[in-house]
Amino acid sequence: MARKRPTAILEVGTMSNLPSGVERHQFDGTERLATRGNPVYGEPTDGEWRAWDPHRSKLGAMCELGMETGLEGGETALYLGAASGTTVSHVADFAGPTYAVEFAPRPTRDLLSAAESRPRLFPLLADARKPETYAHVVEADVDVIIQDVATRGQARVALENRRFLADDGHLLLAVKARSEDVTSDPNAVFAEVRADLEDGYVVLDSRRLDDYHADHLGIVARPR
Amino acid sequence: MTDDSATDAGWYGGLEPGDLEAAADAIESGTREQPADWPTLAVEADFASSPEEYYDRLHEATMATTRQAVREREGADDRQLVHTVRAMDDCERTANELAERLAEWAGSVDPEAGTGIEYARTIAAREDSQNPRLESLATRIRSLAEEADELREYIERQTPTIAPNLAGLAGPVLAARLISLAGGLESLAKKPSGTVQVLGAEDALFAHLRGHAPSPKHGIIYTHDAVRGTHPADRGSAARALAGKLSIAARIDHYSGELNPELEADLAERIETIQARHGTKTADGDTRGGDDE
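Residues numbered from 1 in each chain as written. Chains lettered and ligands numbered in written order. Predicted model: local features only at pLDDT ≥ 70, side-chain atom pairs only at ≥ 80, totals over all residues. Heavy atoms only, no water.

Asks: Hey, could you run me through the packing of helix α4 (residues 78-109) of chain B against helix α5 (residues 116-124) of chain B in this one?
Replies: The relative placement of two packed helices is expressed as an angle between their axes plus a distance between the axes. All names here are of chain B. Following both chains from N to C, one finds α4 and α5 inclined at 65°, their axes separated by 8 Å at the closest point. With respect to the hand of their crossing, α4 and α5 are arranged in left-handed fashion. Where α4 approaches α5, its residues A95, N96, A99, L102, A103 and A106 are matched on the opposing element by G116, I117, Y119 and A120. Here the residues of the contact of α4 with α5 are counted per class, giving 8 nonpolar, 2 polar and no charged. (Axes fitted to C-alpha atoms, helices over the stretch in contact; angles between N-to-C directions. Helix = DSSP H or I, 4+ residues; strand = E, 2+ residues; numbered from the N terminus. Left-handed = near helix turned anticlockwise from the far one by under 90°. Contact = heavy atoms within 4.5 Å. Nonpolar A, V, L, I, M, F, W, Y, C, P; charged D, E, K, R; others polar.)

Asks: Can you walk me through the pairing of strand β9 (residues 165-176) of chain A in this structure?
Replies: Looking along a regular strand, one sees the side chains alternate between the two faces of the sheet. Residue and element names in this part refer to chain A. Taken across its 12 residues, β9 has 9 buried, putting it largely inside the fold. Inspection of the sheet shows strand β8 (residues 142-147) paired to β9 by 5 bridges, in the parallel sense. When the sheet's bridge partners are listed, V144 is paired in β9 with H170. Traced from β8 through helix α5 (residues 154-160) to β9, the parallel crossover comes out right-handed. (Buried < 20%, exposed > 50% of the residue type's maximum accessible area, 1.4 Å probe, protein only. Pairing = 2+ DSSP bridges. Right-handed = clockwise from strand over helix to strand, strands pointing away.)

Asks: Explain the layout of surface pockets here, please?
Replies: Over the atoms rolls a probe the size of a water molecule, and in doing so it shows where empty space is left. In this structure, the largest pocket encloses a volume near 1,300 Å³. If you go around the largest pocket, you meet 50 residues; those closest to its centre are A:E102, A:A104, B:G257, B:E258 and B:L259. For the lining of the largest pocket, the secondary-structure elements that each account for two or more residues are α3 (86-94), β6 (98-102) and α4 (105-116) of chain A together with α3 (51-75), α6 (132-162), α7 (164-170), α9 (185-190) and α13 (235-255) of chain B. Taken domain by domain, the makeup of the lining of the largest pocket includes at least three residues from each of domain 2 (76-158) and domain 3 (163-293) of chain B. Roughly 310 Å³ of volume is contained in the second largest pocket. Around the second largest pocket sit 17 residues that line it, and A:L125, A:A126, A:D127, B:E28 and B:R73 are the ones nearest its centre. Secondary-structure elements contributing two or more residues to the lining of the second largest pocket are β7 (121-125) of chain A together with α1 (20-29) and α3 of chain B. At 5 residues, α3(B) tops the list of elements feeding residues into the lining of the second largest pocket. The residue makeup of the lining of the second largest pocket, split by class, is 9 nonpolar, 3 polar and 5 charged. (1 Å grid on protein atoms, 1.4 Å probe; cavity = no way out; pocket = protein on both sides within 12 Å on 5 of 7 lines; lining within 4 Å. Points joined across faces, edges and corners; volume = space filled by probe spheres on them. Domains from an automatic or database assignment.)

As structure tokens, this is what we get:
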């Protein structure tokens, strides 16, 4: 019933820098990002495609806003702060082997059900601030680290996990200002996080995600 | 090939493919500073015939490990906590009661006799036996007090895994008491914050409802610094603000389980505003007025 746009399938298209495996599809008359896989959180589907809600996913918002994520599809990914698996399930749909690290047991239960039907999604109950507790499982030289952890010291987490990233890899980071310091101005927090990141990364692009997530900054960086 | 210990090799080192129990152990307890190209190394070590097969095994192993770890961490569930906190209170109360009895008894033999659990400990530790019955009773009191301490330690360890936000806001023991009074984390999450505010003050509440007492301002949350450290005239406000945040924390813990560090800061900010009214705490407090009244 939903009409596919022909350009969506060709993907080499004009405005799009979406990774292959991510397309725009019509859901109830609106065009939305979608990936192919089993539904995870009751999102609308169109055949085997399921909508990727940028309001529920910071990476989705970064893609929706047209940020240059450097994602092409098929890469090896390390996802920090996988939570219930909302975003990481979409990542596993278009990426290659995907390691999902989450610290809290309750959301990990939902992450497990998302991983059930995704044979290249590897769930790990671990603390992203302690990479030494999963370096014997997560492989070296991953193509992309995606980080969405609601903890103080988000730059530190990214720096600690730098060891997993290939030299030509990308860090896609969603910074939550209120996790660092509720009382300060988000812009001040973002500036600080960016400055701290410089120890190990070069920031390529950054953009506020406020259209979808209040007080969040999306950052694309490469290792220094 | 089996001589690699799990600490300096990949998780699969020394494992038989398909031995999920050993794999779980290796994944959970292994540590290593630097990652390596595990798919390639695992094929070289004959753990798998190809990277694809390695990934299949990794998926199987991480699923089993994580499922087990989640079950264990969650199996430390709120029901266990309710029993623990009640047992701790029973042990404390009984130890105190018996210590009183002991003091009274000991006072009849020794005019210098002390009181309380500490005195029971002294008697129990007495080298030269003077009154075997008295010393035996003192030993029981000491063990009861020790049991209470151990139960408290258990609560302090377990509550943060069961209710991270609530424990962060209220401290593990008060969090456990609230869960116990409500009859579980789920029922606590479903209570309106006005109920949370007076949990533990049921007698006063029902006296009020029967019409011959003022409404209670706070129940067990009185033990929280946010209430106790506030000027008496403002304790109602403080208790209401605290109960509101505690309800939110309980709901996050029950429905999502993710730690939300904002809550603590929100509460601190709110309480600071309330305490600034009578200058209970900091004089340099924030200048943003605006109150919810």
